[in-house]
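Architecture and fold: a report
Okay, here's what each chain looks like letter by letter:
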Amino acid sequence: MAGSQDMFDAIVMADERFHGEGYQEGYEEGNSLGIIEGRQYGTLHGAKIGSEIGCYQGFASAWRCLLHSCATEKDSKKMKALESLIGMIQKFPYDDPTYDKLHEDLDKIRGKFKQVYTKSCR
Amino acid sequence: MKDSLVLLGRVPAHPDSRCWFLAWNPAGTLLASCGGDRRVRIWGTEGDSWICKSVLSEGHQRTVRKVAWSPCGNYLASASFDATTCIWKKNQDDFECVTTLEGHENEVKSVAWAPSGNLLATCSRDKSVWVWEVDEEDEYECVSVLNSHTQDVKHVVWHPSQELLASASYDDTVKLYREEEDDWVCYATLEGHESTVWSLAFDPSGQRLASCSDDRTVRIWRQYLPDNEQGVACSGSDPSWKCVCTLSGFHSRTIYDVAWCQLTGALATACGDDAIRVFEEDPSSDPQQPTFSLTAHLPQAHSQDVNCVAWNPKEQGLLASCSDDGEVAFWKYHRPEGI
């Protein structure tokens, strides 16, 4: 009696069971595809940020060398801003994408670069 | 209500164009207007009428959105959609462009001079606020680029006595900045408006700030210093700002400008419903919870959106307004009896 109940149970519940198994398989596949896509996106996005900051760092280092020899008061102000920019770039946590102030600090670096880059106006 | 605001005259300041902004010089004798025709015009009185004394053309390639006089009255700054800010030097009736400040990535929306005369602030659709320092030789240097807002920044204004800067944005917030160790930082964000904040005005004492918005309200914010009596929490040594009053239900469209009279404390608003309104604080109201009453409402002050209202700094009750219809209007405000 118990055996025939199990057999009918298997037939009646087949639809739901296959649905559940299908969902599970799909979920797992989606999960791994998502991780791959996420990694690709992360690589791209990370590279963009790295490239941008690298550009600022190169610019700042070059200007620091150029201004090193000059001694006017204006240049010392520029030097101070340059040192500040270089400091911000060095402090930036390149290996922690979950850093909560990532975008805030990035904006500060961009702002500092713009300030240094904008020549004095006359 | 209608009689509290009387029309003194109108001038077609920027024909076939919009007039975007007005600024009285510190002496109250000249009014600068700017518009979509890329020009700045300087207006002065001749007898009973207002005449155009100078036209500043050849300065900008696109709309001039705001103008601001330096505290000494010898310089005028103009902010333009062409992404530059021009500094004009006044020589009697002539103005000469002495410097062009570049750096913003797109439309400059506002410019303001600090009361000390040594600092200038600009803001732009590029979401940034720039602080510039000017030295004795009229050289301008950018001392800070602030990327705190997340959207278009519409207006910047300086505190009347402290070196404190406020900005208003399409991101619905007002931000406050001060100098900290040779750099400028955003130390407070005022949230509450439900849409774009278009303009700001400090009260004569600088303790309160009025903001106006696309959400059709005016908000009054009050500064609380650390260890204040009212027990308002502050973080560290920075003052805190709290919204102490909201004027809602008075305006039927976006409020584009708010002006706080430095002589009388009256608050004027410029609205997208073509009307000008004036509010006065109830003298008996609690300073921590002030109430304001509508003392003047002039519908159809202009035939289109009113973009700016400006109180004359020396003559009580003299108010100028300008509109998308290209006109500038002059008004006399009388506080109604029984207020």
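Notes on the structure in this doc start here. (Residues numbered from 1 in each chain as written. Chains lettered and ligands numbered in written order. Predicted model: local features only at pLDDT ≥ 70, side-chain atom pairs only at ≥ 80, totals over all residues. Heavy atoms only, no water.)

All names here are of chain B. Taken together, four strands build an open sheet; the order of strands is 18-19-20-21 and the sheet is antiparallel. The sheet terminates laterally at strand 18 (197–202) and strand 21 (240–247), the two strands that pair on one side only. Ignoring which end each strand starts from, the neighbouring axes of this sheet average 25° apart. Of the pairings in the sheet, the one linking strand 18 to strand 19 (residues 208–213) comprises five bridges and is antiparallel in character. (Pairing = 2+ DSSP bridges. Helix = DSSP H or I, 4+ residues; strand = E, 2+ residues; numbered from the N terminus. Axes fitted to C-alpha atoms, helices over the stretch in contact; angles between N-to-C directions.)

It is worth spelling out the interface of chain B and chain A at this point. Taken together, the contacts link 23 residues of chain B with 13 residues of chain A. The junction of chain B with chain A conceals about 1500 Å² of combined surface from both sides, 43% of it contributed by carbon and sulfur atoms. By the criterion of area lost to chain A, the three top residues of chain B are B:E139, B:E141 and B:N147, representing 32% of everything that side buries. Where chain B packs against chain A, one counts four salt bridges. With a shortest N-O distance of 2.0 Å, A:K80 and B:D182 are connected by a salt bridge. Viewed at the interface, chain A and chain B are joined by six residue pairs in polar contact (both at pLDDT 80 or more). When contributions to the side of chain B that touches chain A are tallied by element, the ones reaching two or more residues are strand 9 (94–101), strand 12 (129–134) and strand 13 (140–146) of chain B. For the side of chain B that touches chain A, the element with the highest residue contribution is strand 13 of chain B, accounting for six residues. Class assignment for the residues of the side of chain B that touches chain A results in eight nonpolar, five polar and 10 charged. (Contact = heavy atoms within 4.5 Å. Buried area = accessible area lost by both parts, 1.4 Å probe. Salt bridge = Lys/Arg side-chain N within 4 Å of Asp/Glu carboxyl O. Polar contact = N/O pair within 3.5 Å; in protein donor to acceptor, adjacent residues only side chain to side chain. Nonpolar A, V, L, I, M, F, W, Y, C, P; charged D, E, K, R; others polar.)

How two aromatic rings sit relative to each other is given by the distance of their centres and the angle of their planes. Inspection of the entire model under this criterion finds 18 aromatic pairs over all chains. Seen from their ring centres, A:F59 and A:Y117 are 5.9 Å apart, and the 55° between their planes marks the pair as tilted. Of this pair, A:F59 sits in helix 2 (residues 14–68) while A:Y117 is found in helix 4 (residues 102–117), placing the two residues 58 residues apart along the sequence. Look at B:W24 and B:W50: their rings are 5.6 Å apart centre to centre, the planes differ by 70°, and that puts the pair in the edge-to-face class. Taken together, the residues B:W24 in strand 2 (residues 19–24) and B:W50 in strand 5 (residues 49–56) connect sequence positions 26 residues apart. The burial state of B:W24 is the same as that of B:W50; both residues are buried. Grouped by ring-pair contacts, the aromatic residues A:Y56, A:F59, A:W63, A:F113 and A:Y117 constitute a single cluster. In this arrangement the basic side chain of A:R17 is found over the ring face of A:F18, its NZ or CZ atom lying 5.2 Å from the centre. The aromatic ring of B:F21 is capped on one face by B:K66, whose charged end is 5.4 Å from the ring centroid. (Phe/Tyr/Trp six-rings, centres within 6.5 Å; stacked < 30°, edge-to-face > 60°. Buried < 20%, exposed > 50% of the residue type's maximum accessible area, 1.4 Å probe, protein only. Lys NZ or Arg CZ within 6 Å of the ring centre and 35° of its normal.)

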